[in-house]
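Descriptive analysis of the structure
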Amino acid sequence: MFGAIATFLFGMSTMTDGLEKLSSGRLEHILERLTSNVFKGVLLGAVVTGLIQSSAATTVMCVGFVNAGIMKLEQTVGIIMGANIGTTVTAQLLRLGDIDADNIVMMFLQPSFLGPILAVVGIIFYMFIKGGHKRIVGQIVLGLGLLFIGMNTMSSAVEPLKDLPEFQSVFTAFSNPLLGVAVGAAVTALLQSSSASMGILQAISTTGVVSFNIAMPLIMGQNIGTCITAVLAAIGTNRNAKRATLIHLMFNLIGTAIFTTLFVLFPIAAVVEGTLVLPGEVGRTLSHLIPTDPMAQIAMTHTVFNITTTLVLLPLGNYLAKLAIRILPDKNVETEDQKSMTLTYLTP
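Before going into details, it helps to say that this report is about the structure given with it. (Residues numbered from 1 in each chain as written. Predicted model: local features only at pLDDT ≥ 70, side-chain atom pairs only at ≥ 80, totals over all residues. Heavy atoms only, no water.)

Details of a nonpolar patch on the surface
Taken together, the side chains of Ile-258, Leu-262, Val-264, Leu-265, Phe-266 and Val-312 present a nonpolar region at the surface, about 540 Å² in accessible area. Broken down by element, the nonpolar patch gets its largest block of residues, four residues, from helix H15 (residues 239-265). By the element assignment, Phe-266 lies in the loop between H15 and helix H16 (268-272). (Patch = residues over 30% accessible without salt bridge, like charges linked within 9 Å, V, L, I, M, F, W, Y side chains within 5 Å. Areas by Shrake-Rupley, 256 points an atom, 1.4 Å probe, with all protein chains shown as cover. Salt bridge = Lys/Arg side-chain N within 4 Å of Asp/Glu carboxyl O. Helix = DSSP H or I, 4+ residues; strand = E, 2+ residues; numbered from the N terminus.)

Things to note about the side chain of Asn-223
With respect to the element layout, Asn-223 can be found in helix H13 (residues 212-225). Owing to a relative accessible area of 2%, Asn-223 belongs among the buried residues under this scheme. There is a polar contact of 3.5 Å between the side chain of Asn-223 and the side chain of Asn-306. When near neighbours in sequence (up to four residues on either side) are disregarded, Asn-223 contacts Asn-252, His-302, Phe-305 and Asn-306. (Buried < 20%, exposed > 50% of the residue type's maximum accessible area, 1.4 Å probe, protein only. Polar contact = N/O pair within 3.5 Å; in protein donor to acceptor, adjacent residues only side chain to side chain. Contact = heavy atoms within 4.5 Å.)

Details of H13
Here H13 spans 20 Å end to end across 14 residues, near enough to the 20 Å set by a 1.5 Å rise per residue. Counting buried positions along H13 yields 13 of 14 residues, so the element is predominantly enclosed. (Expected span 1.5 Å × (residues − 1).)

Overview of the nonpolar core
Counting 39 residues, the largest nonpolar core has Phe-8, Met-151, Met-154, Leu-201, Ile-219 and Met-220 as its most contacted members. When residues of this core are traced back to their parent elements, those giving at least two are helix H1 (2-23), helix H6 (89-94), helix H9 (134-158), helix H11 (177-191), helix H12 (194-205), H13, H15 and helix H18 (294-313). Here the element with the most residues in this core is H13; it accounts for eight residues. Once you skip the residues sitting within four places of it in the chain, Met-151 turns out to touch Phe-8, Leu-94, Gly-199, Gln-202, Ala-203 and Met-295. (Core = buried A, V, L, I, M, F, W, Y, C linked by side-chain atoms within 4.5 Å.)

A word on the environment of Asn-223
Asn-223 sits 139 residues away from Asn-84 along the chain, and the two C-alpha atoms are 8.3 Å apart. Within the structure, the side chain of Asn-223 is placed 2.8 Å from the backbone oxygen of Ile-219, a separation counted as a polar contact.

Section: the packing of helix H5 (residues 73-86) against H15
Relative to each other, H5 and H15 sit at 40°, their axes nearing to 10 Å. Crossing of H5 over H15 shows right-handed handedness. Taking contact as the criterion, the partners of Leu-73, Thr-76, Val-77, Ile-80, Met-81 and Asn-84 in H5 are, on H15, Asn-240, Arg-243, Ala-244, Ile-247, His-248, Phe-251 and Asn-252. The residue inventory of the contact of H5 with H15, partitioned by class, reads seven nonpolar, five polar and one charged. (Axes fitted to C-alpha atoms, helices over the stretch in contact; angles between N-to-C directions. Left-handed = near helix turned anticlockwise from the far one by under 90°. Nonpolar A, V, L, I, M, F, W, Y, C, P; charged D, E, K, R; others polar.)

Thoughts on the packing of H11 against H13
Orientation of H11 relative to H13, taken along the N-to-C sense of each, is 40°, at an axis distance of 6 Å. As summarised for this structure, H11 and H13 are arranged oblique, according to the angle between their axes. H13 is crossed by H11, and the crossing has right-handed handedness. From H11, Pro-177, Gly-180, Val-181, Val-183, Gly-184, Ala-185, Thr-188 and Ala-189 reach across to H13, where they touch Pro-217, Leu-218, Met-220, Gly-221, Gln-222, Ile-224 and Gly-225. Residue composition of the contact of H11 with H13, grouped by class: nine nonpolar, six polar and no charged. (Parallel < 35°, antiparallel > 145°, perpendicular 65-115°, else oblique.)

Focus on the packing of aromatic side chains
One pass over the structure, following the stated rule, counts one aromatic pair. On the numbers, 5.0 Å between centres and 65° between planes, the contact of Phe-259 with Phe-305 is edge-to-face. Of this pair, Phe-259 sits in helix H15 while Phe-305 sits in helix H18; the two residues are 46 residues apart in sequence, bridging distant segments of the chain. Under the relative-accessibility criterion, Phe-259 is labelled buried at 12%. On the basis of relative accessibility, which here comes to 0%, the residue Phe-305 falls in the buried class. Over the ring of Tyr-126 we find Arg-135; its NZ or CZ atom is 4.1 Å from the centre of that ring. Lys-322 extends its terminal NZ or CZ atom over the ring of Tyr-319, reaching a point 5.5 Å from the ring centre. (Phe/Tyr/Trp six-rings, centres within 6.5 Å; stacked < 30°, edge-to-face > 60°. Lys NZ or Arg CZ within 6 Å of the ring centre and 35° of its normal.)

Overview of the side chain of Asn-306
Among the secondary structure elements, Asn-306 is positioned in helix H18. Judged by its relative accessible area of 0%, Asn-306 is buried. Beyond its immediate sequence surroundings of up to four residues, Asn-306 is in contact with Asn-84, Ile-85, Thr-88, Asn-223, Phe-251 and Asn-252.

So, the environment of His-302
With respect to the helices, strands and loops of the structure, His-302 is situated in helix H18. Among the residues examined, His-302 registers a relative accessible area of 1% and is labelled buried. When the C-alpha positions of His-302 and Asn-84 are compared, they lie 9.5 Å apart, and in sequence the two are 218 residues distant. When sequence neighbours within four positions are dropped, the list of residues in contact with His-302 reads Thr-87, Thr-88, Ala-91, Met-198, Ile-219 and Asn-223.

What about the environment of Asn-84?
Its place among the elements puts Asn-84 in helix H5. Overall, the relative accessible area of 1% leaves Asn-84 in the buried class. Sequence spacing of Asn-84 and Thr-309 is 225 residues, and the spatial spacing of their C-alpha atoms is 9.4 Å. Excluding anything up to four places from it in sequence, Asn-84 contacts His-248, Phe-251, Asn-252 and Asn-306.

Description of H5
In this model H5 runs 20 Å from its N-terminal to its C-terminal C-alpha over 14 residues, within 8% of the 20 Å that 1.5 Å per residue would give. Burial in H5 covers these residues: Leu-73, Thr-76, Val-77, Gly-78, Ile-79, Ile-80, Met-81, Gly-82, Ala-83, Asn-84 and Gly-86.

The following block contains the structure:
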């Protein structure tokens, strides 16, 4: 199991590094130029994060731009919100493992089949084909292959654990939603990747031990834990860069508070798990829309959380920026002469 987790994390790291190399700084240029509109910012943040598979990387880039004075604080709000949507792509890719394999096209898309094929193609490009960006493309494909192999091996490795009482007792301890949020945040902060911790949770969910009732608070906590990378990146930066990090943290804290409250007050888990069927046409429609397999439920919850939180907070983007300024006010007001002597674009 630990070997599978190592392969999974190494695959994610390899793929992310390759995607960042392939961008050759172009992603930073796009982020800088296309943020005149908050809606453009959301779309841009989602697309860029979907490509590089790391909301933390996108947020860190925003922190860097604000610190350099290239981007205003208000411009980062949309990108940070979009980044949280883009990071859900990994979980959606990993849920392919539970798609019915009767269809031959679906069989080719399953990680157990696709992983080794991608790894072989990637290593051929990486080691034997020279010139241009072929080596970097090979690194990306190899990383994606290792990601799928690690995921598949993790699922197989944890399968026998479902019958162990000790393993079951660990997850029943998370029945307290607040404890689940705290554990999810701690694990994600340790891994510095919500995609990675989400993948591990999806793998464990295949044992049947982790119900939606247990998984939901862990998912909420993972969204908070992913902020640690941007918090670390903001150390030693200027006041505005720290505020950009604070906006990222507030976004996830507010979203988690809303969803955890709804989860506690309403029988969401019972509806998702099928133990409570809602009456009427709406109930029948929902029953068709809600996936039945645990991996898909976790992926969809992660996606719905981030899209819903973005829709709720998008009109309040400027207020989030103002609140960040209120929480982190300027230490002292500089005179015009002092401002003219500041290195605006050069970081240490």
